[in-house]
Amino acid sequence: MIVNSQTFLQQFETTETFNPEIHAQVTAICDRVRREGDRALLDYNEQFDGVTVEMLEVPQADIEAAYHHIDEDLRHALEHSFQRIRDYQTQIKYENQYATPELYEVYHPIERVGVYVPGGKASYPSTVLMTATLAKVAGVKNLSVVTPPQPNGIAPSVLAACHIVGVDHVYQVGGAQSIAALAYGTETIPKVDKIVGPGNQYVSYAKKALYGEVGIDQIAGPSEIALIIDDTCDLDAIVYDVFAQAEHDEMARTFVISTDLALLERLEIQIQESLKDVPRYDILKVSLTEHHYLIHATDFEDSCQLMNTIAPEHASIQTAQPEDYLPHIHYVGSLFLGGYAPEAIGDYIAGPSHVLPTQRTARFQHGLSVNDFLTKHTVIHLAQPTYKKTYRDAARIAQDEQLYHHQKSLEIRQRGDDA
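In this numbering scheme, every chain counts its residues from 1 along its sequence in written order. Where local features are concerned, this predicted model is filtered to residues with pLDDT of at least 70; where side-chain atom pairs are given and counted, the filter is 80 or more; whole-chain, interface and lining totals use all residues. Based on all heavy atoms of the structure, the side-chain values leave hydrogens and waters out of the count.

A. Just the overall build of the chain, in detail. The helix and strand tally for the chain stands at 16 helices and 14 strands. Its C-alpha atoms put the chain at 90 × 60 × 45 Å along the principal axes. Each of the 419 residues in the chain was classed as buried or not, and the buried ones make up 48%. For the chain, the proportion of contacts with a sequence separation of at least 24, taken over those separated by at least 6, is 75%. Secondary structure elements follow DSSP: runs of H or I of four or more residues count as helices, runs of E of two or more count as strands, with numbering from the N terminus. We call a residue buried when its accessible area falls under 20% of the maximum for its residue type, exposed when it is over 50%, and partly exposed in between, using a 1.4 Å probe and counting protein chains only. Note on definitions: a residue-residue contact is assigned when non-hydrogen atoms from the two residues lie within 4.5 Å.

B. Region of the structure containing the packing of aromatic side chains. Centre distance within 6.5 Å is the pairing criterion for rings of Phe, Tyr and Trp, where only the six-membered ring of Trp is used; planes under 30 degrees apart are then read as stacked, over 60 as edge-to-face, and the remainder as tilted. Going through the model one piece at a time under the given rule, you end up with eleven aromatic pairs. Ring centres 5.6 Å apart and planes at 75° place the aromatic pair F8 and Y293 in the edge-to-face group. Within this pair, whereas F8 is found in helix α1 (residues 5-11), its partner Y293 is found in strand β11 (residues 292-296), the two being separated by 285 residues in sequence. In this structure F8 comes out as buried when scored by relative accessible area, which is 2%. Aromatic side chains F300 and Y325 sit 4.5 Å apart centroid to centroid with 40° between the ring planes, which places their arrangement in the tilted category. With a gap of 25 residues between them, F300 in helix α13 (residues 300-310) and Y325 in the loop between β12 (314-318) and β13 (334-337) connect regions that are remote in the sequence.

C. Molecular detail of helix α4 (residues 60-69). The complete set of buried residues in α4 reads I63, A66 and Y67. The buried residues of α4 occupy an angular sector of 100° when the element is viewed end-on, so they sit on one face. Relative to its buried face, α4 has exposed residues pointing more than 90 degrees away, namely A61 and H69. Contacts made by the buried residues of α4 are with α5 (72-92), α7 (156-165) and β6 (169-172). Taking the helix axis as origin, the arc is that swept by the directions to the C-beta atoms.

D. Inspection of the sheet that holds strand β2 (residues 97-98) at higher detail. As summarised here, the arrangement of the three strands in space is β2-β3-β14, forming an open sheet in which the pairing is antiparallel. The strands lining the two open edges of the sheet, one partner per strand, are β2 and β14 (374-380). A pair of strands is considered paired only if DSSP assigns at least 2 bridges between the two.

E. Representation of the packing of helix α2 (residues 20-36) against helix α8 (residues 175-184). The geometry of α2 relative to α8 is characterised by a closest axis approach of 9 Å and an angle of 45° between their N-to-C directions. Here α2 lies oblique to α8, going by the angle between them. α2 and α8 meet at a crossing whose hand is right-handed. Touching V26, I29, C30, V33 and R34 of α2 are A176, Q177, A180, A181 and Y184, all from α8. Axis definition: a line fitted to C-alpha atoms, over the contacting stretch in the case of helices. Angles run 0 to 180 degrees between N-to-C directions. Our angle categories are set so that under 35 degrees counts as roughly parallel, over 145 as roughly antiparallel, 65 to 115 as roughly perpendicular, and the remainder as oblique. By definition, turning the near helix anticlockwise from the far helix through less than a right angle yields a left-handed crossing, and turning it clockwise yields a right-handed one.

F. Representation of the pattern of salt bridges in the model. Salt bridges, as used here, are contacts in which a Lys or Arg side-chain nitrogen is within 4 Å of a carboxyl oxygen on Asp or Glu. Counting across every chain of the model gives 14 salt bridges. Two residues, R86 and D87, come together in a salt bridge whose shortest N-O distance is 3.5 Å. With relative accessibility at 33%, the residue R86 sits in the partly exposed group. A relative accessible area of 39% means that D87 is categorised as partly exposed. In this structure, R253 and E224 form a salt bridge, with 3.0 Å as the shortest nitrogen-oxygen distance. With R253 in strand β10 (residues 253-258) and E224 in strand β9 (residues 224-229), this pair connects stretches of sequence that are 29 residues apart. The same class applies to R253 and to E224, which are both buried. Through salt bridges that share partners, D31, R32, R34, R35, E36, R39 and D43 make up one connected network.

Here you go:
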C-alpha cells in the first residue's frame, strides 16, 4: 500500500527496543557462563543449537585447510573483498594529532577484540571480512571469532575468511552465551576488551547487558534500507534492492520514497509479480507484508525529511542527480549514490564496513570502522611559560568550586615567582 508522507510519519514507529522476557533469559545465560565457563557453553551448544562439539576452539590446521579446499572463484572473491576493505580502512585510519607541541592525542590499538559472526539461517564470511579486517588494520594483537556451532562444522567459507584476515582464534559457540564468554572469559575463551559484529536479539541483549564489563560496537536491530527513486531508475533493479534487504529475515524493513506516484504504483505491482516463486520466499513474504513501505513525497525537501526521520541503516538514492541529496541527507548508516552503487555492493566488497547503525540510531551512531578499534589519550606537556599564563585562572576556578587542594596544587608550583 502506498501512503503519503504525512500519513507515514504519523504511523512510523521503530521496533520495540526492550523485551523483559528476553532480557531475563539473557541475564540468566550470562550469569551461568560467568559461573560455569566452558561447561555452560557446551551445554548451551546442545540446548540451543542441537550440536555437540568435542572442543570449543577450531584448530588452526582446520582453518587453513578450509582456505585451500573452497573453490578457486570463492577464494578469489574473498581475497578481493579483503584487499578492498583493507585498503580503504588503511586510508581512513586515525593518526596521532599534534595540535601543539604541548597538547596532542596519541592513538593505540585495542589489545583484545572478539567478533561475533552469525551462523543460524546462513553462513556469513562477509561479516568476518567486514569486522576482523578492520581490527587487523588497527593493529589488534589478539583477535577471536565466535560463531554458532553447526552439525557439519563451521562453514568452510567462514573459516577461509578467518584465514585470509589472520584471525587468531575461532570458537564454536554462538548466541548470548558467546558474548558472555568473551566478556568474562572462560577456561578456553580469553576475556576481550571489545566485542563487535551483528547478531540476533539474544546477541544484542547480551551486548547491552554486558556493556561496561566490555566495550561493544552497537545494539543492532533488524536490517533496513530506504530508497529515493525517480523515473530514471531501473525499476527491475529497485525490486531486487528491496528483495535483497527483505531476505535477511522476517523483521527486515524496506522503504521506498518518490515524488512520482505513478512510479510507486508500477513498483508495487512489479514487486508482487516478481515475488512469485523466488528463493527465500517465506522470509520475503513476511518482511514485505509487515515491514515494507511505499511513500509518496510531495517534493525534494519532503523526501530528504523522510530519509532523515527514518535514519535507516542503508540509504540508496537512485535518481537523475543523486549528488543533489548529499548536503541534505544527514542521518543514515551508509549512503549509496546512483544505480551502480547498490546496497549489496556495500555488503561485500566496496570497502566501508557493512556493520551499520539500525533503528534510527544513525542519528547519533556511525558505522563500524578501523577507528573503532583504536583508543586514544591526550598528552599535556606544558612548558613553564604556558603554565605561568594559565595557572592563576585555573586556581581561581578551583577556589570557586571549593577544591582548595586543587588550588594549592596549582599555586605551589609558582611559589616565589609571583612577587
